[in-house]
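Topology and contacts: notes
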Protein chains: 2
Amino acid sequence: MGHGTNRVEDMASPNNGTTAPATANARETIVEIHSVCLPPKKTAFQKLKKRFGDVFFPDDPLERFRNQTWRNRVILGLQSLFPIFTWGSQYDLKLLRSDVVSGLTIASLAIPQGISYAKLANLPPIVGLYSSFVPPLIYSVLGSSKHLAVGPVSIASLVMGSMLSESVSPTQDSILYLKLAFTSTFFAGLFQASLGLLRLGFVIDFLSKATLIGFTAGAAVIVSLQQLKGLLGIVHFTGKMQFIPVMSSVFSHRSEWSWETILMGLGFLAILLTTRHISMRKPKLFWISAASPLASVAISTLLVFLIRNKTHAISFIGHLPKGLNPPSSNMLYFSGTHLALAIKTGIITGILSLTEGIAVGRTFASLKNYQVNGNKEMMAIGFMNMAGSCTSCYVTTGSFSRSAVNYNAGAKTAVSNIVMASAVLVTLLFLMPLFYYTPNLILAAIILTAVIGLIDYQAAYKLWKVDKFDFFTCMCSFFGVLLVSVPLGLAIAVGVSVLKVLLHVTRPNTVEFGNIQGTQIYQSLKRYREASRIPGFLILAVESPIYFANSTYLQERILRWTREEEARIKENNGSTLKCIILDMTAVSSIDTCGIEAVFELRRRLEKQSLQLVLVNPVGSVMEKLHKSKIIESLGLSGLYLTVGEAVADLSSTWKAHGQP
Amino acid sequence: MGHGTNRVEDMASPNNGTTAPATANARETIVEIHSVCLPPKKTAFQKLKKRFGDVFFPDDPLERFRNQTWRNRVILGLQSLFPIFTWGSQYDLKLLRSDVVSGLTIASLAIPQGISYAKLANLPPIVGLYSSFVPPLIYSVLGSSKHLAVGPVSIASLVMGSMLSESVSPTQDSILYLKLAFTSTFFAGLFQASLGLLRLGFVIDFLSKATLIGFTAGAAVIVSLQQLKGLLGIVHFTGKMQFIPVMSSVFSHRSEWSWETILMGLGFLAILLTTRHISMRKPKLFWISAASPLASVAISTLLVFLIRNKTHAISFIGHLPKGLNPPSSNMLYFSGTHLALAIKTGIITGILSLTEGIAVGRTFASLKNYQVNGNKEMMAIGFMNMAGSCTSCYVTTGSFSRSAVNYNAGAKTAVSNIVMASAVLVTLLFLMPLFYYTPNLILAAIILTAVIGLIDYQAAYKLWKVDKFDFFTCMCSFFGVLLVSVPLGLAIAVGVSVLKVLLHVTRPNTVEFGNIQGTQIYQSLKRYREASRIPGFLILAVESPIYFANSTYLQERILRWTREEEARIKENNGSTLKCIILDMTAVSSIDTCGIEAVFELRRRLEKQSLQLVLVNPVGSVMEKLHKSKIIESLGLSGLYLTVGEAVADLSSTWKAHGQP
């Protein structure tokens, strides 16, 4: 930069002897000092309103309604309640063709997966098909994602199954179990819709990605282990979910292993994994992995039908009722001993399925560059589950694997969900008898293929490389889920994440700044070799809000910085330390404890004849400093807009007073 | 500033037409661009070590031991374990005289207060005196504060009394109650000493000052209400602590009110409050309030003795055993149904008494400009309570009121505690029979006088003025304690404080910056009227770490800023927006979610042909950005050290490419 700044710079290093012309009147002629402003005045109500808006309406949802006629407002209102009105009017045959193709493709996945996932939740297989019929229809009207394929998903199914079966046996008490499942689904929907309505969507943000990677992988391992029952043909399997009891159950029932089942299961598993691998390599061949589950079901069913008289080693589904979803609102359960369990299960499956659905929706929206509104999606998914709980469905959401197929198959709108639901409808009405001989092993193989992709070891490795603490969180949730239990594992991981935030606040970073020669830039001495100390000054930047949780620490830490600096000066025979400059740029907030700490720090430094100067407090901090009258006690000379101005002004004042 | 910066500044506003000389080669000749450095490389172990040191050893306790001979190290080690070695060698007669005066003064307070506070904890009055004997002796050897007067305190006594008497009746089950009290004291000490040993002292920082103001005031009101029993002479008083049951108990037992008690009680209360008022106005007259409790005890005892045959309306203490503290280690209770209660009570009274003791120690240390080491104090208080629990003492700590008297009476070292303990010893050995006729009403009056000062309405008003949220926290703990229960009120207040930290992280502030004409300073447009936008740029500062909890929000918020800016430009026919500059100075930390959000934001802005540029990421953020390879994708042109350099460089690049 030009020599203008250099002149200021010269002043800032009063010991280099080159500033002879800059004498006592230097202050008026050269240094231009900007005062620190208060933010514009606001009443407490205005501030509360702004804060409220920031917390609950960060997307400013009423923005579009401004400057519109009433007619337009009504239309916009309808469109925002029912996104189908947004795209419905422009819907044409070309879009329909794409949607039919993709809808049929995901149906071929949804039917075998629906049956499989229902078994994962310890529910009758038919409930999985019911759940692939009503919820997609509702979502297509309410949802704002164009690519989300709605239906049962593995994680939520597993969590519901594991939580409910801890208290109620799905085999001995099947009616109560079914009731609890529908009730949990109702509460999941209620919880999801409330989060959306109350605009508390940020709650799901507390499930960090690191937590989810670990949780999903842990759940996938649990799900995979459960499939050993089907793949090995074990009859007496443990009802527990954790790693150790499942493995011991597998090996203690070695006599039940059936070689026919194992052979056939591994064969189909190999086929399914190969087709999945091909489609992952070449996304254009998505239909191979999309068609293979249904094809495997068909072939395996035929095989079992052909050998039905020769062996009974291979277990199959058996009779499934024909017909549409029966109403289940009479099965909802609003009182009694298990209500708390149903609510707890509902909230946990609700939050998990919400997280999955919204993450999937956002992923594909971002690929096609459209917006998915989090709060609206929550309401859509919530209402869909509440409606589902009255029509014999269990928890559903947008599935990642099926949505990916939907996207690759060229889905253009939510109509693909309607097409899928129609295909499920036809199945429910006419094709149910065909599943009589479908072997359980094929369901296990389908689940295994679906969940194996959820173990994202590459993402975990990346976490390890970039952020060790995130990796630790990830491992906590992985092992917590695998070894303890699903809800506890989740709680541990969320706790660790929150602890990280608190720890960061409790022990914030302070950095010593120096001047980069020839500029007005002040930067970390450790990072920038070209930065150098300015004699007489200790410049510290605090990198955190100052709160009750760290005010004592910061005070002690800054005093320690001062001690260390004085020791350093003594060693090098430098010029005496006279002023501590506290760069407050990164102090995004302060509370009353923080203010008191600054005040106390100033008092203690004064006793050591050291001046404390604050630089560039942000608006809210400035306001609080002002209100607490600390500004008045600091005086104008204790507050600067930039470090450079503070250094220049203070040095010239010292010079004017004849100090070295 | 000089014209050097102005030249850069001219470039930064490419539309003002005055920069004709600065053509395509402007970049090489004028703008000096500093590259952003990575922090010096460290291994994961080194980083962990530093972080560990920051969290657990912020005071660098081994600093003094460096560069010392072994002999000196041993001496320093002894001194740091037993601070008595630090001042013991320089102790002389002059100091002793001061300490004797102050020690006797606090003894005259400690004896009546000890008896009173023990009654508050539903313990026999003699336990209060025991607790004023052993703990002060231990503290005088281990403690690092010179002014702390150790003994039972009102808050901890109340909390112990209320928590234990919820499960065990102190009258019907007095032995078990006593056992539980000693056991709680043991666990309180264990907890305190462990916090100190494990250097987890920051745990007490989570009790923010706002929480403590509310909690203390709430507890003081509860304590005061309990004194109505003694002051009104009620015999059948409720065992509950909350406001409503106590008031209803007071008025339902109106028949038990005794006018003699009320008259005498109010009389002494008036005397005590007046003397307190005098001493508060004139700190030199501290001895008036210090002597008045013992004087009142003496006078009231004499009065009751004289009228002992005329009325039985005034209840008095009765027989107290003579002699030293009996050992009580055999009464500690390490198994059985009430163990959990004892541990819980221990932890809560432990943390409360620790907070009080350390705050008091720090207050007086700061007045005399010496250091009180938090972790060492915790160990001192912890060991003192553990030893106390084996010698018939209950929870003790540094009392604020007595320490203030100690300070004003001229105490110089912890010897004043030894003098006080000696006075208590004399009392225990010889003077106990004198307390036979001491009326309970005087104890109530003494407690009331002591706790009334704890209701700090001025501090609460200041909270309201400076920080509404802190005031809210304060009210939560006040009403929580008053209406719900002591531990729950405390838990609510801590929860609210932590929620505030989380809320701040979840919804961080973003500010639009502009340039202050003629400088390189970029500041908030809203705060600084002289700041103005730079055509083509949107400069945003993020005032928070970027975490999983806010990454989605920030991404959406920045996109909304962009939309709003584009709308504004359209309205004013300004020049097109080309670049978003993100000032990361205040982003003190980032995690993997945050990095992904920055990446995703960049991708989405690019689709709208907008460039995203990062400015001045702090060391740890820079490191993570580097590791995640995002830097490479941003390229060198996407990272600047200051906003000014970014603006100057980008404008000159655009000019070189012939863009407007």
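- Within an unreviewed UniProt entry, the label attached to chain A reads STAS domain-containing protein, and the organism entered is Brassica carinata.
- Checking UniProt for chain A, the heading Subcellular location (unreviewed entry) contains the comment "Membrane".

1. Observations regarding the relation of the copies chain A and chain B
- Superposing chain A onto chain B takes a rotation of 180° combined with a translation of 0.0 Å along the rotation axis, leaving an RMSD of 0.1 Å. The operation mapping one copy onto its partner corresponds to a two-fold rotation axis. The position closest to the rotation axis in chain A is occupied by the C-alpha of A:Ala586, lying 1.9 Å away.
- In this assembly the copies share their binding face: 100% of the residues contributing to the interface of chain A also contribute to that of chain B.

2. Notes on helix α24 (residues 592–607) of chain B
Residue and element names in this part refer to chain B.
- Compared with an ideal rise of 1.5 Å per residue, which puts 16 residues at 22 Å, α24 spans 23 Å between its outermost C-alpha atoms and is within 8% of the ideal.
- Residues Thr-592, Cys-593, Gly-594, Ile-595, Ala-597, Val-598, Glu-600, Leu-601, Arg-602, Arg-604 and Leu-605 constitute the buried set of α24.
- For α24, the side-chain oxygen to backbone nitrogen distance between the N-cap and Cys-593 is 3.2 Å, and the N-cap itself is Asp-591.
- Trailing α24 by a residue or two, Ser-609 shows a phi angle of about 55°, which is positive.

3. Observations concerning the packing of aromatic side chains
Residues and elements named next belong to chain A.
- Enumeration over the complete set of coordinates arrives at 34 aromatic pairs over all chains.
- Here Phe-469 and Phe-472 contribute two aromatic rings whose centre-to-centre distance is 6.0 Å and whose plane-to-plane angle is 75°, an arrangement assigned as edge-to-face. Taken together, the positions of Phe-469 and Phe-472, both in helix α22 (residues 468–484) and 3 residues apart, correspond to about one turn of that helix.
- One aromatic cluster is present, formed by Phe-305, Phe-316, Tyr-436 and Tyr-437 through successive ring pairs.
- Its guanidinium or amino end placed over the ring of Phe-305, Arg-308 lies 4.1 Å from that ring's centre, counting from NZ or CZ.
- The lysine or arginine in question, Lys-468, covers the ring of Trp-464, its NZ or CZ lying 4.7 Å from the ring centre.

4. What to know about the pairing of strand β6 (residues 537–542) of chain B
Residue and element names in this part refer to chain B.
- Most of β6 sits inside the fold, with 6 of its 6 residues counted as buried.
- On β6, burial covers both faces: Phe-537, Ile-539 and Ala-541 on one face and Leu-538, Leu-540 and Val-542 on the other are all buried.
- Two elements, strand β3 (residues 510–516) and β6, share 4 bridges in a ladder whose sense is antiparallel. By the bridge assignment for β6, Phe-513 is matched with Ile-539.
- Where β6 meets strand β7 (residues 579–583), 5 bridges bridge the pair, whose relative direction is parallel. Residue pairing for β7: Leu-538 is matched across the bridge by Ile-580.

5. Some points on the interface of chain A and chain B
- With 98 residues of chain A in contact, the opposing surface of chain B contributes 99 residues.
- Buried surface at the junction of chain A and chain B, both sides included, amounts to about 8,800 Å², of which 55% is carbon and sulfur.
- Inspection of the region where chain A meets chain B yields 4 salt bridges.
- One salt bridge in this structure joins A:Lys624 and B:Asp467, with 3.2 Å as the shortest N-O distance.
- Our enumeration of links across chain A and chain B arrives at 15 residue pairs in polar contact (both at pLDDT 80 or more).

6. Quick notes on the pattern of salt bridges
- Applying the stated criterion to the full structure yields 22 salt bridges over all chains.
- B:Asp467 serves as the salt-bridge partner of B:Lys500, at 3.4 Å between the closest nitrogen and oxygen. You can see B:Lys500 sitting in helix α22 (residues 486–506) and its partner B:Asp467 sitting in the loop between α20 (457–466) and α21 (468–484), a full 33 residues away along the chain. Like B:Asp467, B:Lys500 is buried.
- Here the residues in one salt-bridge network are A:Asp467, A:Asp470, A:Lys500 and B:Lys624, joined through shared partners.

The rules behind the values
- Residues numbered from 1 in each chain as written.
- Chains lettered and ligands numbered in written order.
- Predicted model: local features only at pLDDT ≥ 70, side-chain atom pairs only at ≥ 80, totals over all residues.
- Heavy atoms only, no water.
- UniProt positions renumbered as here; feature names shortened; annotations may be inferred.
- Least-squares fit on C-alpha atoms with pLDDT ≥ 70 in both.
- Contact = heavy atoms within 4.5 Å.
- Helix = DSSP H or I, 4+ residues; strand = E, 2+ residues; numbered from the N terminus.
- Expected span 1.5 Å × (residues − 1).
- Buried < 20%, exposed > 50% of the residue type's maximum accessible area, 1.4 Å probe, protein only.
- Polar contact = N/O pair within 3.5 Å; in protein donor to acceptor, adjacent residues only side chain to side chain.
- Phe/Tyr/Trp six-rings, centres within 6.5 Å; stacked < 30°, edge-to-face > 60°.
- Lys NZ or Arg CZ within 6 Å of the ring centre and 35° of its normal.
- Pairing = 2+ DSSP bridges.
- Buried area = accessible area lost by both parts, 1.4 Å probe.
- Salt bridge = Lys/Arg side-chain N within 4 Å of Asp/Glu carboxyl O.

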